[in-house]
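# Fold and geometry: a report
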Amino acid sequence: MPLAAWLILAAGLFSIGLYGVASRRGAIGILLSVELMANAVNLIFIAFGRYRGDHLGQVFTLFAVALTVAEVAIGLALVILLHRVRRSDERVDEVRELHG
Amino acid sequence: MSLPIELALVALFVPAAMAVLLALVPPLRRTGRPAAWLSVLAATVSLGAAVWLFADQLAHPTRDLLESVAWLPHAGASMADVGLRIDGISVGMTLVVTLVAFCVQVFSLDYMRSEPDADLGRYFAYHSFFIFSMLMLVLAPNLLQLFFGWELVGLTSYLLIGFYFKKPSAAKAAVKAFWVTKLADTGLLLALLVLYSHTGGFEWTSHPGADVATLVTLLLFVAVVGKSAQFPLHVWLPDAMEGPTPVSALLHAATMVAAGVYLIVRTDPLFAQAALTREVMVYIGSFTAIFAAVIACVQTDIKKVLAYSTCSQLGYMVAALGAGSVMGGYFHLTTHAFFKALLFLGAGSVIHAVHSNEMSDMGGLWGRMKLTGTVFLVGSISLAGMPFTAGFFSKDLILESMLESGRLLPWLALLGAAFLTAFYMGRVFFLVFLGKRSEKAEHAHEGGWEMRLPLVLLAIPALLGGYFGAHFAGMWHLDYEPEWNLQAFAPSLVPILGFVAAWSMYGRGEARPAPAMLAPIARLARSGALDHFYEGVYRVLGLKLAAAVGFFDRYIVDGLINLAGYLTLTGGQRVRRLQSGNVRDYVFVVAFAIFALSAFGMLR
């Protein structure tokens, strides 16, 4: 497959993720959408790595995956805390304590 | 390091160490008499070193030693040196300072006996510190270090004048002395700056050119006018008599006020290049000499008489230096230190006996205090310049050099001052020691041995110190031989006339109104016209200037800073609206930023 095809696929995935982040109201859904965007980027890394003919892209991807794991852990912790404090559903629009 | 340097270091730092010890160990200071004895011990060591140093110098009269290290060297260069200058001038002054300081400290042991222990310790700590400060000034190898000592003696003077700081008048006098001398000290600081910017150093041996030398010496002279109480900045010295009497003897008669004269003696190579400054000095000095002598004639407080007399004698020295006679100025400085310290300590002994400064409370004390009376008489005739006493030689030299320089008017002023000196000293002596005993004088008696010993010790150089003249002359490679010719006739006749005049008016020891001739001057002196003038200047100029500076500081300097704070604060208030707290807003901002950046990258 040509490089362009991978890039279009990744752009599609990224757009779906972005749409999800923008339209979802539940914290879990947003988190999943963020994951989708991150994986779209990972896909691009690998595609370019392949295109260049070295393993650099895969190395980056491994790093990115490790970071994403940490990020998801924090995200899930936030969701759980939010749930505990609010004792209701996890609608992020209603959490506005930090407004200026 | 040679022996003289070591001796000078001992003389300098033993009192300093004692002052630090007494300052840093309050329990020791509060013991009172033990602390006082420790301080006296330090003064004794210092005096011993100074005597040894002086004897050594006598053996090598023209020796001129300089031992110094670079001060704060940076990249191999340094602004100035710190060190010691050991030559005839500094060694002689070191002996004078340590001897008078020793006598005064011993005297204080008895005089200050009734002080509370804590205050006594504080008093002697100041005294130890004074010896260090004064010797720092005396032994300085350049003007920068001299300035350091100069400010320290000013500080000590402030502390000791205000020793009874619970008394409002003493506190006021201390502040007044500090401000007046500090105002004048600005001249010294400016002189240092000018000298440094033109020669790159603080040496008094430099040759910066006639114009710069004139400017520098005029600025130096401003500082001298303040420190040595010359007209018109003499106003602080009479008020300084609020301090304990031994303090007046040491600081405000013998040593600290003479620092100004010493400064001119030291920096004479610079003054020699400035004819204008010397002319100013002649007139300021001789005017102060006669002006202060006239006021001294109408004072009723024994210490005030001596204070104005000190002003007058310092005027003599300044005039002599102006006439180009370094030796005359320095010689009179040393002899004056002895007989004026003696007179002040004698006055202290009398005040201690009758518990009053007013001469009307004394009278007829001769029968009760023979020793004090004798030494007071010795001091009086020496100050008046009666033949064969120390004061005669130095005063004669000054009058002679003034006449030789061809200035007739200043010479007449100095001669008149010599007459008045004998007159007011005669007046003091007759009023205090002759006549009817007042109520307070009825139970007067001599002090303890601590008070009698310094009186005797100081009476010797006050009487015989004049015979050191030849030694002083050797330092400047001059021939000095007291001449008994017609020129010496006038100076020796004038004090006798003065005493006769005093005898005819006050011989019976009765206080009489001042002579009609002096009455207006007495009124003027009492009204404190000069003080009112300074107060007016302070109110009109000083306060206005302070208000202007205050306005600038409050509204311009502070205003700029407040403006910066205000802008930050209001800016922050506006910007905080961007933080909506809504996650989705942030997501949109991020997304928009991504598209914007991508578009920017593509279009570029």
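These numbers come from a predicted model, not from an experiment. (Residues numbered from 1 in each chain as written. Chains lettered and ligands numbered in written order. Predicted model: local features only at pLDDT ≥ 70, side-chain atom pairs only at ≥ 80, totals over all residues. Heavy atoms only, no water.)

Turning next to the overall build of chain A. Counting secondary structure elements, chain A contains three helices and zero strands. Along chain A, helices (α) and strands (β) appear in the sequence α-α-α when read from the amino end. What you see for chain A is a C-alpha radius of gyration of 17 Å, clearly larger than the 13 Å of a compact globule of 100 residues, by over 25%. Principal-axis analysis of the C-alpha atoms gives chain A an extent of 50 × 25 × 25 Å. Per-residue burial for chain A yields a buried fraction of 27% across its 100 residues. Looking at chain A alone, contacts between residues at least 24 apart form 56% of all its contacts between residues at least 6 apart. When the accessible surface of chain A is totalled, it reaches about 6900 Å², and 71% of it is carbon and sulfur. (Helix = DSSP H or I, 4+ residues; strand = E, 2+ residues; numbered from the N terminus. Rg over C-alpha atoms; globule rule 2.2 N^0.38 Å. Buried < 20%, exposed > 50% of the residue type's maximum accessible area, 1.4 Å probe, protein only. Contact = heavy atoms within 4.5 Å. Areas by Shrake-Rupley, 256 points an atom, 1.4 Å probe, with all protein chains shown as cover.)

Right, let's talk about the pairing of strand β2 (residues 80–86) of chain B for a bit. Sheet faces and side chains relate simply in a regular strand, where the side chains alternate between the two faces. Residue and element names in this part refer to chain B. Of all seven residues in β2, five are buried, a share of seventy percent or more. With seven bridges joining them, strand β1 (residues 65–71) and β2 adopt antiparallel strand pairing. Paired with L65 across the strands is I86, a residue of β2. (Pairing = 2+ DSSP bridges.)

Residue and element names in this part refer to chain B. All chains considered together, the criterion is met by 21 aromatic pairs over all chains. Look at F107 and Y111: their rings are 5.7 Å apart centre to centre, the planes differ by 25°, and that puts the pair in the stacked class. Of this pair, F107 and Y111 both sit in helix α4 (residues 88–111), four residues apart, roughly one helical turn. The same class applies to F107 as to Y111, namely buried. (Phe/Tyr/Trp six-rings, centres within 6.5 Å; stacked < 30°, edge-to-face > 60°.)

Each partner contributes to the interface: chain B provides 13 residues, whereas chain A provides 14 residues. Broken down residue by residue, the surface that chain B buries against chain A is led by G581(B), R584(B) and V587(B), which jointly contribute 41%. Applying the counting criterion to the chain B and chain A interface returns zero salt bridges. Counting the contacts that link chain B with chain A gives zero residue pairs in polar contact (both at pLDDT 80 or more). Classifying every residue of the side of chain B that touches chain A gives six nonpolar, four polar and three charged. (Buried area = accessible area lost by both parts, 1.4 Å probe. Salt bridge = Lys/Arg side-chain N within 4 Å of Asp/Glu carboxyl O. Polar contact = N/O pair within 3.5 Å; in protein donor to acceptor, adjacent residues only side chain to side chain. Nonpolar A, V, L, I, M, F, W, Y, C, P; charged D, E, K, R; others polar.)

Our focus in this paragraph is the side chain of S349(B). Checked against the element boundaries, S349(B) lands in helix α15 (residues 326–354). Excluding residues that lie within four positions of it along the chain, S349(B) makes contacts with F107(B), M369(B), T372(B), E446(B), M451(B) and L455(B).

Attention shifts here to the confidence of the model for chain A. Confidence in the prediction of chain A, expressed as mean pLDDT, is 87, and 95% of residues score 70 or more. The weakest mean pLDDT in chain A belongs to helix α3 (residues 56–86) of chain A at 89; the strongest belongs to helix α1 (residues 3–23) of chain A at 91. (pLDDT = per-residue confidence, 0-100.)

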